[in-house]
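Remarks on the overall topology
Residues per chain, in single letters:
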Amino acid sequence: MNGAILAGIDYGQENFEYTMNELAALTQAATIKPELTITQKLDKPVSATYFGSGKLNEIKNAATAKDAIDLIINDELTPTQLRNIEDQTNLTVIDRTALILEIFARRAHTREAKLQVQIASLQYRLPRLRTSSLNRFDQQTAGSGGGFTSRGSGETQMELNRRTIQNQINHLRHQLKEVEQEEQTKRKARDRSNLKTVALVGYTNAGKSTTMNGLLRLTGQDEEKQVFEKNMLFATLDTSVRKIQFADNKQILLSDTVGFVSSLPHQLVEAFKTTLSEAAQADLLIQVIDASDPHAREMVKTTEKTLHEIGVTGIPMIYAFNKADLEPQLSYPQIAGDQITFSAQDDESLNLLIKMIKKTLFADFETKTYLIPFDQGKYLEQLNSNASVLNTDYLAKGTLITAEVSPATAGILQKFEHSN
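Residues numbered from 1 in each chain as written. Predicted model: local features only at pLDDT ≥ 70, side-chain atom pairs only at ≥ 80, totals over all residues. Heavy atoms only, no water.

1. Overview of the pattern of salt bridges
Filter applied, for reference: Take a side-chain nitrogen of Lys or Arg and a carboxyl oxygen of Asp or Glu: if they are within 4 Å of each other, that pair is a salt bridge. The secondary structure listing takes helices from DSSP runs of H or I that are at least 4 residues long and strands from runs of E that are at least 2 residues long, numbered from the N terminus. Burial classes follow relative accessibility: with a 1.4 Å probe on protein chains only, a residue under 20% of its type's maximum area counts as buried, one over 50% as exposed, and anything between as partly exposed.
Applying the stated criterion across every chain, the model contains 12 salt bridges. When the shortest N-O distance is used, the salt bridge between Glu22 and Arg96 registers 2.0 Å. Note that Glu22 is positioned in helix H1 (residues 16-29) and Arg96 in helix H4 (residues 96-107), a separation of 74 residues in sequence. By relative accessible area, which is 4% here, Glu22 ends up buried. Lys250 serves as the salt-bridge partner of Asp248, at 3.1 Å between the closest nitrogen and oxygen. Note on accessibility: Asp248 and Lys250 belong to one class, buried. Ionic contacts of the salt-bridge type, sharing partners, join the residues Asp248, Lys250, Lys358 and Glu404 into one network.

2. Considering the packing of aromatic side chains
Cut-off, in case you're wondering: Each aromatic pair joins two rings of Phe, Tyr and Trp (for Trp, the six-membered one) with centres within 6.5 Å, and gets the label stacked for planes under 30 degrees apart, edge-to-face for over 60, and tilted for any other angle. Only lysine NZ and arginine CZ atoms are considered, and such an atom sits over a ring when it is within 6 Å of the ring centre and within 35 degrees of the ring normal.
This model, assessed by the stated rule, comprises three aromatic pairs. Both rings, one in Phe362 and one in Phe365, keep their centres 4.9 Å apart while their planes meet at 75°; by these two values the pair is edge-to-face. Its relative accessible area of 18% is what places Phe365 among the buried residues. A ring pair is formed by Tyr379 and Phe416, whose centres lie 5.1 Å apart and whose planes are at 55°; its orientation type is tilted. A residue pair is termed long-range when its members are at least 10 positions apart, and Tyr379 in helix H12 (residues 377-386) and Phe416 in the segment after helix H13 (407-412) qualify at 37 residues. Judged by its relative accessible area of 13%, Tyr379 is buried. The ring of Phe362 has Lys250 sitting right over it, with the charged end atom 5.8 Å from the ring centre.

3. Topic: unusual backbone geometry
The peptide bond linking Tyr332 to Pro333 adopts the cis configuration, its omega dihedral lying at -5°. Along the polypeptide, Pro333 turns up in the loop between strand S9 (317-322) and strand S10 (334-336). With phi around 55°, Thr31 is a residue other than glycine that occupies positive phi space. Among the secondary structure elements, Thr31 is positioned in the loop between H1 and strand S2 (32-41). The backbone phi angle of Tyr50 is positive, close to 65°, even though this residue is not glycine.

4. A word on the nonpolar core
Inclusion rule: Within this scheme, the nonpolar core is defined by two criteria: the residues are buried Ala, Val, Leu, Ile, Met, Phe, Trp, Tyr or Cys, and they are joined through side-chain atoms within 4.5 Å. Contacts: residue pairs with any heavy atoms within 4.5 Å of one another.
Within the largest apolar cluster, 67 residues are counted, with the highest numbers of intra-cluster contacts made by Leu71 and Leu285. In this structure Leu71 touches Ile5, Ala7, Ile59, Ile85, Leu91, Thr92, Val93 and Ile94, once residues within four positions along its chain are discounted. If you look at the next biggest cluster of nonpolar residues, it comprises 26 residues, including Val198, Leu215, Met356 and Phe362.

5. Some details on the packing of helix H7 (residues 208-218) against helix H11 (residues 347-361)
For any two helices packed against each other, the geometry comes down to the angle between their axes and how far apart the axes lie. Which entries qualify depends on this criterion: Convention adopted: a line fitted to C-alpha atoms gives each axis, helices being fitted over their contacting stretch, and angles between N-to-C directions are expressed from 0 to 180 degrees. Throughout this description, any angle smaller than 35 degrees is read as roughly parallel, any larger than 145 degrees as roughly antiparallel, any in the 65 to 115 degree range as roughly perpendicular, and the remainder as oblique. Only Asp, Glu, Lys and Arg are considered charged, only Ala, Val, Leu, Ile, Met, Phe, Trp, Tyr, Cys and Pro nonpolar, and every remaining residue, Gly among them, polar.
For the pair H7 and H11, interaxial distance at closest approach is 10 Å and the crossing angle is 90°. By the criterion of interaxial angle, the relationship of H7 to H11 is roughly perpendicular. Mapping the contact onto sequence places Thr211, Gly214, Leu215, Arg217 and Leu218 in H7 and Asp347, Leu350, Asn351, Leu353 and Ile354 in H11. Looking at the contact of H7 with H11 residue by residue, the class counts come to five nonpolar, three polar and two charged.

6. Description of the pairing of strand S4 (residues 92-95)
Within a regular beta strand, the side chains point alternately toward one face of the sheet and then the other, so they alternate between its two faces. Note the cut-off: Two strands make a pair as long as DSSP finds a minimum of two bridges between them. Whether a crossover is right-handed comes down to one check: with the strands pointing away from the viewer, does the path from the first strand over the helix to the second run clockwise; if it does, it is right-handed.
Where burial is concerned, the two faces of S4 agree: the one with Thr92 and Ile94 and the one with Val93 and Asp95 are both buried. Bridging between strand S3 (residues 70-73) and S4 involves four bridges; their strand directions are parallel. Directly across from Asp70, in S4, lies its bridge partner Thr92. You can see the chain leave S3, run along helix H3 (residues 79-89) and come back into S4, and the turn it takes is right-handed.

7. Re the pairing of strand S6 (residues 240-245)
Strand direction decides the pairing type here: S6 and strand S7 (residues 251-256), joined by six bridges, are antiparallel. By the bridge assignment for S7, Val241 is matched with Ser255. Connecting S6 to the next strand, S7, in antiparallel fashion are five residues, including Asn249 with a positive phi near 75°.

8. A word on helix H10 (residues 296-309)
As a reminder of what qualifies: Every helix has an expected span of 1.5 Å times one less than the residues it contains.
Over its 14 residues, H10 extends 20 Å from the first C-alpha to the last, a length consistent with the 20 Å expected when each residue adds 1.5 Å. Every buried residue of H10 is accounted for by Ala296, Glu298, Met299, Val300, Thr302, Thr303, Thr306 and Leu307. Just downstream of H10, Gly311 is the residue with a positive phi angle, here 85°.

Next comes the structure, spelled out in structure tokens:
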């Protein structure tokens, strides 16, 4: 694993220490070893070099002592800053945006996710064509990347490179639009099913996939429907949608979405809008939060800020504080208003979460009694398959059945309503 010096400037921004810890986790997610963290307090970054000259010398000497080859900076650098820092330190300089884009490039599996990341990477590279001669991440992006970082290639070549990248972006956007139309067609088909939809959202590595797999297992879903889970940042970028049927026949569509991170690169905000379209259309959001993390509250703010930025607002939310089993002082599972403290690996916790989901989603369900003639068996079958049947009696005129039904089902069966 390559070694890196991590560095950042504390210029009064909120939660600086938290973002530096996050930078270390992101670095490890990119399979780079954090060797040392160096920080500087300034009123604002130096326009030409980001750090002061003395701090740059300190970073250069530390890198030599630690045999580090990378400098990872907790901010998005201007093209000038990136070039000047590389010139003065002889290190590969990777800013926070490039680091996150690299992780996304490695994690993307579906065609949609790959296209989104390629577009974001090219948008980031466009103004930096002459600045990052040392940045090995350049070779990870789409297109003929090698020649784009050549210095002294002349203005004509520079303009040609810019046009080439812009053409690549336009081509990729066209492909992405086609993929999005295919996904919209699938979504419309799901909408016609009238199933309630629930989206798991939250900070990366909070336990969304573990929660989804627990709910799938608890409701008897096939193991092949389980989603990928691993203890790492951005284990997956792909949105997974699964149908879940509870014991009382109530059904939902549950989606597991990409995790959030603070200071999300603006190049990826647009990509998140598409990736999180399932969340935007959901009837209920479950924000999964790592209760064992000392920065849990900051993570909640990060998630809600990102949701607001991409236009996901006005949807009911359950705050699910996960990993309570890692905190001895926490009592779980327990509910307090719209919050649940739980462990995604504990069945009692998951059952309590299911109870909250049902209470929120199915509040408009009604208990009705119907007398269904024997020659109208299809309606009886519909009730037995899709409703929570509370009681069944067989009378001379037909089947007397009491069930908890959705407004849609109540409308269909209105003619069979029976009053005692």
